[in-house]
Amino acid sequence: MAFRIDDMDRKILGELQRDAGQSLDEIAKNVGSSKTPVWNRIRKMKEAGIIGQQTVLLDAEALGFEATFFVLIRTSEHEADWQNKFLAALRDRPEVQEAHRLAGDIDYILKVRVKNARAYDVFYQALISEVKIHNVTALLSMEELKSTVSLPL
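Below is a summary of the structure that appears in this document. (Residues numbered from 1 in each chain as written. Predicted model: local features only at pLDDT ≥ 70, side-chain atom pairs only at ≥ 80, totals over all residues. Heavy atoms only, no water.)

1. Looking at the environment of Lys-46
Inspection of the secondary structure puts Lys-46 in helix H3 (residues 35–47). Separated by 88 residues in the primary sequence, Lys-46 and His-134 place their C-alpha atoms 42 Å from one another. Lys-46 has contacts with Ile-51 and Gln-54, leaving out every residue within four places of it along the chain. (Helix = DSSP H or I, 4+ residues; strand = E, 2+ residues; numbered from the N terminus. Contact = heavy atoms within 4.5 Å.)

2. What to know about the packing of aromatic side chains
Summed over the entire model, instances satisfying the criterion amount to 6 aromatic pairs. Ring centres of Trp-82 and Tyr-108 lie 6.0 Å apart, and the angle between their planes is 40°; on these two criteria the pair is classed as tilted. Taken together, the positions of Trp-82 in helix H4 (residues 80–91) and Tyr-108 in strand E3 (residues 108–114) put the pair 26 residues apart, joining distant regions of the chain. Each member of the pair, Trp-82 together with Tyr-108, is buried. A centroid spacing of 5.9 Å and a plane angle of 45° characterise the contact between Tyr-120 and Phe-123, whose relative ring orientation is tilted. With a gap of 3 residues between them, Tyr-120 and Phe-123 both fall in helix H5 (residues 117–130), about one helical turn apart. Take Tyr-120: its relative accessible area is 9%, and that puts it in the buried class. The buried category is assigned to Phe-123, whose relative accessible area is 2%. Over the ring of Phe-65 we find Lys-115; its NZ or CZ atom is 4.7 Å from the centre of that ring. (Phe/Tyr/Trp six-rings, centres within 6.5 Å; stacked < 30°, edge-to-face > 60°. Buried < 20%, exposed > 50% of the residue type's maximum accessible area, 1.4 Å probe, protein only. Lys NZ or Arg CZ within 6 Å of the ring centre and 35° of its normal.)

3. Description of the side chain of Gln-22
On the secondary structure map, Gln-22 appears in the loop between helix H1 (7–18) and helix H2 (24–31). Judged by its relative accessible area of 9%, Gln-22 is buried. For Gln-22, the side chain forms a polar contact with the side chain of Glu-15, separated by 3.0 Å. Discounting chain neighbours no more than four positions away, the residues touching Gln-22 are Glu-15, Ile-27 and Asn-30. (Polar contact = N/O pair within 3.5 Å; in protein donor to acceptor, adjacent residues only side chain to side chain.)

4. What to know about H4
For H4, built from 12 residues, the straight-helix expectation of 16 Å at 1.5 Å per residue is met to within 8% by its first-to-last C-alpha distance of 16 Å. Where H4 is buried, its residues meet strand E1 (67–74), strand E2 (96–101), E3 and H5. (Expected span 1.5 Å × (residues − 1).)

5. What about the packing of H1 against H3?
Running from amino to carboxyl end, H1 crosses H3 at an angle of 85°, the nearest separation of the two axes being 11 Å. In terms of axis orientation, H1 runs roughly perpendicular to H3. Residues Met-8, Asp-9, Ile-12, Leu-13 and Leu-16 of H1 pack against Val-38, Arg-41, Ile-42 and Met-45 of H3. Split by residue class, the contact of H1 with H3 holds 7 nonpolar, no polar and 2 charged. (Axes fitted to C-alpha atoms, helices over the stretch in contact; angles between N-to-C directions. Parallel < 35°, antiparallel > 145°, perpendicular 65-115°, else oblique. Nonpolar A, V, L, I, M, F, W, Y, C, P; charged D, E, K, R; others polar.)

6. What about the layout of surface pockets?
Considering only enclosed or pocket space, the largest pocket measures out at about 1,700 Å³ in volume. Around the largest pocket sit 44 residues that line it, and Thr-55, Val-56, Leu-57, Thr-148 and Val-149 are the ones nearest its centre. When contributions to the lining of the largest pocket are tallied by element, the ones reaching two or more residues are H1, E1, E2 and E3. The leading source of residues in the lining of the largest pocket is H1, at 4 residues. Among the residues forming the lining of the largest pocket, the class breakdown is 20 nonpolar, 11 polar and 13 charged. (1 Å grid on protein atoms, 1.4 Å probe; cavity = no way out; pocket = protein on both sides within 12 Å on 5 of 7 lines; lining within 4 Å. Points joined across faces, edges and corners; volume = space filled by probe spheres on them.)

So, in structure tokens, the structure goes:
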């Protein structure tokens with residue numbers, strides 16, 4: 001049976017998405033409940049897999065990662081062996097923040113965060129030396145207008 005969330009769970013999840021570092025007391029106060037029921041609900045949502053890994057968001061530009069590239073990949077290879085090799089190459093590269101397999105003319109899109117264009121070229125050269133790729137198009141993001149990991153609850 002699937003775990004069903006209610007309005008209180010949504011409020012708690014909203015608070016966690018806003019700031020997972022706040023205390024249980026703060027979350028409980030913000031959702032209009034007490035600490036123990038909130039803790040129990042969080043525990044149950046973790047057990048159900050609704051709440052996953054908790055982490056910290058870093059400021060990429062403050063750390064010198066000033067370039068974001070969206071990399072469109074077309075391949076003529078679709079065998080399991082090629083896909084496994086490609087996935088391994090992506091997993092080995094921390095610059096790849098996201099990777100998606102697509103429907104349509106483009107097979108994959110990657111979000112690659114690097115310090116500058118030269119660092120992107122190093123990434124690109126390493127990737128194509130490991131995996132046969134038919135066509136690669138890199139698009140440099142000029143400005144990030146919106147970025148969120150929050151879900152619209």
